[in-house]
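Listed below are the residues making up each chain.
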Amino acid sequence: MEIAVLGYGIVGSGVVEVLNLNQENIARRAGKDIHVKYVLDLRDFPGDPVERMLVHDFKTIAEDPEVEIVVEVMGGVNPAYGYVKECLERGKSVCTSNKELVAKHGAELLEIAKQKRVNFLFEASVGGGIPIIRPLNQSLTADEIMEITGILNGTTNYILSQMHDYGYDFETVLKKAQELGYAERNPEADVEGYDACRKLAILTSLAYGKQVDYEDIYTEGITKITTEDMKYADAMDASVKLLGTGRRENDKFFAMVAPRIVKKSHPLYSVNNVFNGILVRGNVLGDVMFYGSGAGKLPTASAVVADVVDAAKHVGTNIMTLWSSKKLALSSSEEAESVFFVRVPAEEKEAAGKAFGAVKEIKAEGVTGEFAFLTEKLTEGAFAEKSRQVTVKNRIRVEL
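Criteria and thresholds
Residues numbered from 1 in each chain as written. Predicted model: local features only at pLDDT ≥ 70, side-chain atom pairs only at ≥ 80, totals over all residues. Heavy atoms only, no water. Buried < 20%, exposed > 50% of the residue type's maximum accessible area, 1.4 Å probe, protein only. Helix = DSSP H or I, 4+ residues; strand = E, 2+ residues; numbered from the N terminus. Arc of directions from axis to C-beta. Contact = heavy atoms within 4.5 Å. Core = buried A, V, L, I, M, F, W, Y, C linked by side-chain atoms within 4.5 Å. Phe/Tyr/Trp six-rings, centres within 6.5 Å; stacked < 30°, edge-to-face > 60°. Lys NZ or Arg CZ within 6 Å of the ring centre and 35° of its normal.

Visitor: I'm lost on helix H9 (residues 170–180) in this one. Help?
Guide: Residues three or four positions apart in an α-helix share a direction because the helix packs 3.6 residues into each turn. Taken residue by residue, H9 has Phe170, Val173, Leu174 and Ala177 as its buried positions. What you see down the axis of H9 is that its buried residues fit within an arc of 105°, all on one side. The exposed set on the far side of H9, more than 90 degrees from its buried face, consists of Glu171, Lys175 and Glu179. Buried-residue contacts for H9 involve helix H8 (154–166) and helix H10 (188–191). Once H9 ends, the next one or two residues include Gly181, with phi positive near 85°.

Visitor: Help me out: how do you make sense of the nonpolar core in this one?
Guide: Side chains that are nonpolar tend, in soluble globular proteins, to be buried together. Grouped together as the largest cluster of nonpolar side chains are 86 residues, with contacts concentrated most on Phe120, Ile159 and Phe341. Sorting elements by how many residues they give to this core places helix H11 (residues 194–208) first, with 9 residues. Excluding its chain neighbours within four sequence positions, the residues that come into contact with Ile159 are Phe170, Val173, Leu174, Ala177, Val191 and Ile222. Of all hydrophobic cores here, the second largest spans 33 residues; its members include Val5, Leu19, Val36 and Ala303.

Visitor: Quick question: what am I supposed to make of the packing of aromatic side chains here?
Guide: Working definition: an aromatic ring pair is given by the centre-to-centre distance plus the angle between the planes. As enumerated under the stated definition, the model contains 13 aromatic pairs in all. Between Tyr232 and Phe341, the ring centres sit 5.2 Å apart and the planes meet at 55°, which makes this aromatic pair tilted. Residue Tyr232 is found in helix H12 (residues 227–235), and its partner Phe341 is found in strand S15 (residues 337–345); the two are separated by 109 residues along the sequence. Here Tyr232 falls in the buried class, since its relative accessible area comes to 2%. Phe341 gets classed as buried once you look at its relative accessible area, which sits at 0%. Seen in terms of ring centroids, Phe371 and Phe373 are 5.3 Å apart; in terms of plane orientation they differ by 25°. Their pairing is stacked. Each member of the pair Phe371 and Phe373 is classed as buried. Taken together through their ring pairs, the aromatic side chains of Phe340, Phe356, Phe371, Phe373 and Phe383 make up a single cluster. Lying across the ring of Tyr214, Arg198 places its NZ or CZ 4.3 Å from the centre.

Right under this line is the structure:
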């Protein structure tokens, strides 16, 4: 079977490497040999074995009837969207790791694939090397999913882990993460929560079968988390994690990306450094946990190649994915309930009691001059109203 790879960056080169490294095993599982006929990239790679299959014009791939599967690992929406759409319309299956593309156009591209009896597969778009899309589609179909919560970004998890374990401040760890290659030179997409938001949009759309636009998800990053916050979390036998959560409560649906205090008893507490973890809560099965490398060249490439094998095994058959283009009506984040951890200046202790009622004081070693406490469970709207009566130095939601 002839395939083409769009993009020869980190993941694209990883896909070619995995296909070469595990060639025999992949052929056995797919039931046929898989051969890379073309690799599309604007650049030249002198001396690289990819030279003999390198093309610079997408039409070469689109118009070749021998190419049955296309791997899109270019990233971004344009020109990836146009390329993927054309491939599907020409009867070629597409496998992608492109979270931005899937979050924005997933429902539409799945519908085209269904009409053309091909497949649009995107296992690597959410958890890198962690299998989560396929289990949602195939293994957990007997359950009503009540909640899906995850550490969906390895960069932010690394930063928060280092801050918690070693007492570093945010800027120091960010610089270290950039030096190690865990964070981009412009880290905004990671540290402001946008990357996790796009992944949550995909997961929530799949969990509930309707389109969730990432623009509609309340998103908060980790830039305001301090070493003092980490000391308080430690005092509570907890740590701070950036979580993406999609949740169903009766007939209401909520989605949010925000830092949360996670206690030791929670399954996601022990997911540290660049690892990702996704917790799925079903009404029949209960809690199921997926854990592993959420990014990186070979883990992500491994998930893409698994999709290639799946597409090769299902030529002429569309693997059903329930994701309608009809929008899921998310309830306002103001209605979502949380317990809040709050820090105010010491002299506002009495005012905090008046504003929030019964609160539980939290003390941390080495932190003075302030009053920190846990509220009772409140809606986001009620918290915003009460917090106007005090000077909030920081507040973090608590994962229950």
